[in-house]
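# Chain and residue survey
Read off the chains here:
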Number of protein chains: 2
Amino acid sequence: MKDNFCIIMGGGIGSRFWPFSRETMPKQFLDFFGTGRSLLQQTFDRFSQIIPIENIFVSTNEAYAHLVREQLPELGDSQILLEPTRRNTAPCIAYASYRIQAINPKANIVVTPADHLILQEQHFVSNIQAGLKFVGKHPALLTLGVKPNRPETGYGYIQTDEVGDKNLQKVKAFTEKPNKELAKVFFESGEFYWNAGIFVWNVQTIIKAFREHLPDVATRFDQGLPFFNTDKEKAFIDDQYPICQNISIDYGVMEKAENVYMLMADFGWSDLGTWGALHDLSEKDDNENATLRCQTVFYESSNNVVTLPENKLAVIQGLDDYIVAESDNILLICKKNEEQRIKQFVTDVSMKYGKKFV
Amino acid sequence: MKDNFCIIMGGGIGSRFWPFSRETMPKQFLDFFGTGRSLLQQTFDRFSQIIPIENIFVSTNEAYAHLVREQLPELGDSQILLEPTRRNTAPCIAYASYRIQAINPKANIVVTPADHLILQEQHFVSNIQAGLKFVGKHPALLTLGVKPNRPETGYGYIQTDEVGDKNLQKVKAFTEKPNKELAKVFFESGEFYWNAGIFVWNVQTIIKAFREHLPDVATRFDQGLPFFNTDKEKAFIDDQYPICQNISIDYGVMEKAENVYMLMADFGWSDLGTWGALHDLSEKDDNENATLRCQTVFYESSNNVVTLPENKLAVIQGLDDYIVAESDNILLICKKNEEQRIKQFVTDVSMKYGKKFV
């Protein structure tokens, strides 16, 4: 147990849920379903059941450090790893791994996004425990794969070598988000799993993998070996992190490494990556309207997802298949099937109004 | 000039513009077009050009007295006539007329709603001046008629005896809001004018008309003759007003009287009675979207009227012909051609949530 560590990646901007999620208050810090706990807090709650609290690290942007401190007062300052700039997941994970190695060179680590939704917590806990046990014995890079229940086009997929329900399978390939036809093929083949972006490995295994597949990143961090977990770490990171390669762990390591295994996960999972996914997961009325946090009264309306600040009421007549989201000083009304354009809307708004509304 | 008086009726609830207009902040107190002056203030501004400020009276409900005081600090407390209960326009006008008679028995009075929109102020001023001059010489009940520019179904009409552009015409009949076919006939005949609900008369003429056509109301106020404009007036009004007949001046007096004339008005006028009217009158973008008070960015959207609090931004995609209105803790999204149902929505909301959202 004391060798188990966790890295919660909480530096994202979450612009897909704008204006509900904002640059100053991204998705992971929001209480999407009005449960009283933000997605980050829920992630922490899950891991605190299996990992000593002092072994839980949150990596985030300096801009969000105060939000992490506020939401997770259980963490000491040294457990919040500050990225001076955004450099995607590979440098983020490398930094956390080198830090953890300096604390415990035998560490087994779970790496997880801060902003995913897990419905069946007990299943999740046993999956993760099985994974930690495995990587303590084998020099494997473990990625969690979720058995698809529909031909989803919004996720990347993991292809495994064998068909079947074996809990641990050798990974054959990672694939990008497929189009509709391909998603259907993936779904029906039984060989493909959703890539949940949750990883489990021993600290030595991942650092070795960095040295092998991302030598640019590894060399840089190797120079800092004397500084990790000392008062010189911050200066070193502030100096070196910004000039690290901007690359994801999937692209930089997982797709290149040989020793990659998939742990089949059977907890209800969503990356909450789209309003559509959020709509699917939410409680809905008889007309498939989902209301998050606020009150609503609908007339001749269906398939909408509506979120306003708590204590607000929306009275909606004659609206089908829309997103209605309000936060602070912005109201968005957008057809659900046009939601991929929201990022462009944010860009347009910031071109027109500067920083005022983003 | 010193014989000219004005009664601004400002006691309405304005539920048609809910939630923009609220029971606690009705339409007349709102700055619809972001000009910096509410409709009540604009009404006051128009009359203060032709009527001594000390001769301007605002009648309102006790609940709104503080709003009138705030918005019109020019008025002394005695110029705000408080109706203890809502009793429609006839008792309201009777009360103000008896008060004004006690101050100046030769008074010529303009009676006007507080919440109409007048676009051409100079025309309005000369129309009113002509009316005041006329009623100073003739015992006539004058009502302002607006030459229709379209077959509007949202207004009552005045039929006159003669076709033509004579400024003063004898009224033949008042009609209720017509259906589409009838509105077209009215419009094309040239005999019909929109009833603007603005009246001009001498105080003796209107009190005589009350005695003749609404003796119930007149008898009651006649008993109070010694009290008007004294410190006993309030007790008298609080006692008698609530048991007055609940009836409009149109139905109770104008439709029955013989000496009714119409002054043809040629200022741009709207009672701002509907969102549709508001949309018509507002500045619009190339896609006929009207934005009031807030900022908006539209994509594939047309014919909408959007009003959010100042400093708010609405990003709207794929919406045609809707009302989007937010105020305080309520957002309304409703098809423009369903706006007559808004009163029902308010009732539904108050059934469901009590006083919280009305």
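Residues numbered from 1 in each chain as written. Chains lettered and ligands numbered in written order. Predicted model: local features only at pLDDT ≥ 70, side-chain atom pairs only at ≥ 80, totals over all residues. Heavy atoms only, no water.

### Overview of the packing of aromatic side chains
Rules: In this scheme Phe, Tyr and Trp rings, the latter by its six-membered ring, pair at centre separations within 6.5 Å, and the angle between planes marks the pair as stacked below 30 degrees, edge-to-face above 60, and tilted otherwise. Numbered from the N terminus, helices here are DSSP runs of H or I no shorter than four residues, and strands are runs of E no shorter than two. Exposure categories follow from relative accessible area, calculated using a 1.4 Å probe and restricted to protein chains: below 20% of the type maximum is buried, above 50% is exposed, and the middle band is partly exposed. We call a charge positioned above a ring when the Lys NZ or Arg CZ atom is no farther than 6 Å from the ring centre and deviates by at most 35 degrees from the ring normal.
Following the criterion strictly, the structure yields 50 aromatic pairs over all chains and no others. Judged by centre distance (5.4 Å) and plane angle (80 degrees), the ring pair of F47 of chain A and F124 of chain A falls under edge-to-face. In this pair, F47 of chain A sits in helix α1 (residues 39-47) while F124 of chain A sits in helix α4 (residues 121-137), placing the two residues 77 residues apart along the sequence. F124 of chain A gets classed as buried once you look at its relative accessible area, which sits at 1%. Measuring from centroid to centroid gives 6.3 Å for F32 of chain B and F33 of chain B, while their planes differ by 45 degrees, and the two rings are tilted. With a relative accessible area of 0%, F32 of chain B lands in the buried category. We classify F33 of chain B as partly exposed; its relative accessible area is 25%. Members of the aromatic cluster, each reached through a chain of ring pairs, are Y95, Y98, F221, F227, F228, F236 and Y241 of chain A. Lying over the aromatic face of F124 of chain A, R46 of chain A brings its terminal NZ or CZ to 5.4 Å of the ring centre. The residue whose ring lies beneath K170 of chain B is Y261 of chain B, and the NZ or CZ to ring-centre distance is 5.4 Å.

### Considerations on the pattern of salt bridges
Put simply, the rule is: Put simply, a salt bridge is a Lys or Arg side-chain nitrogen that is within 4 Å of an Asp or Glu carboxyl oxygen.
Tallied over the full model, the rule gives 34 salt bridges over all chains. In this structure, K234 of chain A and D238 of chain A form a salt bridge, with 2.7 Å as the shortest nitrogen-oxygen distance. Residue K234 of chain A and its partner D238 of chain A are located together in helix α8 (residues 233-240), separated by 4 residues, close to a single helical turn. For D238 of chain A, a relative accessible area of 31% puts it in the partly exposed group. For the salt bridge of K336 of chain B with D321 of chain B, the shortest nitrogen-to-oxygen distance reads 2.7 Å. Highlighted residues: K336 of chain B in the loop between β17 (330-335) and α11 (342-353) and D321 of chain B in the loop between β15 (313-317) and β16 (322-327), separated in sequence by 15 residues. In this structure K336 of chain B comes out as buried when scored by relative accessible area, which is 12%. Look at the salt bridges and you will find they share partners, linking K312 and E326 of chain A together with K312 and E326 of chain B into a network.

### With respect to the packing of helix α6 (residues 203-213) of chain A against helix α7 (residues 215-223) of chain A
Residue and element names in this part refer to chain A. What counts is decided by this rule: A fitted line through C-alpha atoms serves as each axis, taken over the contacting stretch for helices, and the angle formed by two N-to-C directions is quoted from 0 to 180°. If an angle is under 35 degrees, it is roughly parallel; if it is over 145, roughly antiparallel; if it lies from 65 to 115, roughly perpendicular; otherwise it is oblique. Pairs of residues are marked as contacts when any of their non-hydrogen atoms sit within 4.5 Å.
Across the interface, α6 lies against α7 with an axial gap of 5 Å and an inter-helix angle of 120 degrees. With respect to each other, α6 and α7 are oriented oblique. From α6, F210, R211, E212 and H213 reach across to α7, where they touch P215, V217, A218 and D222.

### Re the relation of the copies chain A and chain B
Note the cut-off: The copies were overlaid by least squares, fitting only the C-alpha atoms of residues that reach a pLDDT of 70 or more in each copy.
Once chain A is rotated about the relating axis by 179 degrees and shifted along it by 0.0 Å, it coincides with chain B to within an RMSD of 0.1 Å. Accordingly, the operation relating the two chain copies is best matched by a two-fold axis. Relative to the rotation axis, the C-alpha of L319 of chain A is the closest in chain A, positioned 4.5 Å from it. Counting the interface residues of chain A, we find that 100% of their copies in chain B are interface residues as well, pointing to one common contact surface.

### Observations concerning the interface of chain A and chain B
Applicable threshold: Values labelled buried area give the accessible surface lost by two parts on being combined, using a 1.4 Å probe and summing over both.
At the interface, 36 residues of chain A touch 36 residues of chain B. Overall, the association of chain A and chain B removes approximately 3000 Å² of surface from exposure, summing both partners, and the carbon and sulfur fraction of that is 57%. Per-residue buried area on chain A facing chain B is highest for L313, Q317 and L331 of chain A; these three make up 22% of the total on that side. Taken together, chain A and chain B are joined by 4 salt bridges. The partner of E300 of chain B in a salt bridge is R341 of chain A, and the shortest N-O contact between them spans 2.9 Å. Of all the secondary structure elements, the ones that give two or more residues to the side of chain A that touches chain B are β13 (295-299), β15 (313-317), β16 (322-327), β17 (330-335) and α11 (342-353) of chain A.

### So, the sheet that holds strand β13 (residues 295-299) of chain B
Working definition: the strands of a sheet are paired by backbone hydrogen bonds and lie parallel or antiparallel to each other. Applicable threshold: One requirement defines pairing of two strands: DSSP has to find at least two bridges between them.
Spatial ordering of the open sheet is given by β12(A)-β14(A)-β16(A)-β17(A)-β15(B)-β13(B), a layout of 6 strands whose pairing is mixed. The open sheet has two edge strands, β12 (290-292) of chain A together with β13 of chain B, and neither has a second partner. In this sheet, adjacent strand axes meet at a mean angle of 10 degrees when their direction is disregarded. Together, β16 and β17 of chain A together with β13 and β15 of chain B form the strand contacts of α11 of chain A, whose direction differs from that of β13 of chain B by roughly 140 degrees.

### Describing the side chain of D3 of chain A
All names here are of chain A. Definition in use: Here a polar contact is recorded for every N or O atom pair within 3.5 Å, except that within protein the pair must consist of a potential hydrogen donor and a potential acceptor, and residues adjacent in sequence are included only if both atoms are side-chain atoms.
On the secondary structure map, D3 appears in the segment before β1 (4-9). In this structure D3 comes out as buried when scored by relative accessible area, which is 19%. Reaching out from D3, the side chain makes a polar contact with the side chain of N104 at a distance of 2.9 Å. Setting aside residues up to four positions removed in sequence, D3 forms contacts with N104, K106, A107 and N108.

### Observations concerning the confidence of the model for chain A
Our working rule: For every residue, the predictor reports its confidence as pLDDT, a number between 0 and 100.
Mean pLDDT over chain A stands at 93; residues scoring 70 or higher make up 99%. For this predicted complex, the interface score ipTM comes out at 0.82, while the overall pTM is 0.82.

### Things to note about helix α4 (residues 121-137) of chain B
Where we set the bar: Helix span, as expected, comes to 1.5 Å for every residue beyond the first.
The terminal C-alpha atoms of α4 of chain B, which comprises 17 residues, lie 25 Å apart, in line with the 24 Å expected from a rise of 1.5 Å per residue. Within the sequence span of α4 of chain B, burial applies to F124, V125, N127, I128, G131, L132, F134 and V135 of chain B.

### Some words on α11 of chain A
The following threshold applies: This arc corresponds to the set of directions leading from the helix axis out to the C-beta atoms.
When the terminal C-alpha atoms of α11 of chain A are compared, their 16 Å separation across 12 residues agrees well with the 16 Å that a helix rising 1.5 Å per residue should span. Listed as buried for α11 of chain A are I342, F345, V346, V349 and Y353 of chain A. For α11 of chain A, the angular spread of buried residues about the axis comes to 100 degrees, placing them on one side. At its buried positions, α11 of chain A is contacted by α10 (275-281), β16 and β17 of chain A together with β13 and β15 of chain B. A positive phi of about 70 degrees marks G354 of chain A, the residue just after α11 of chain A.

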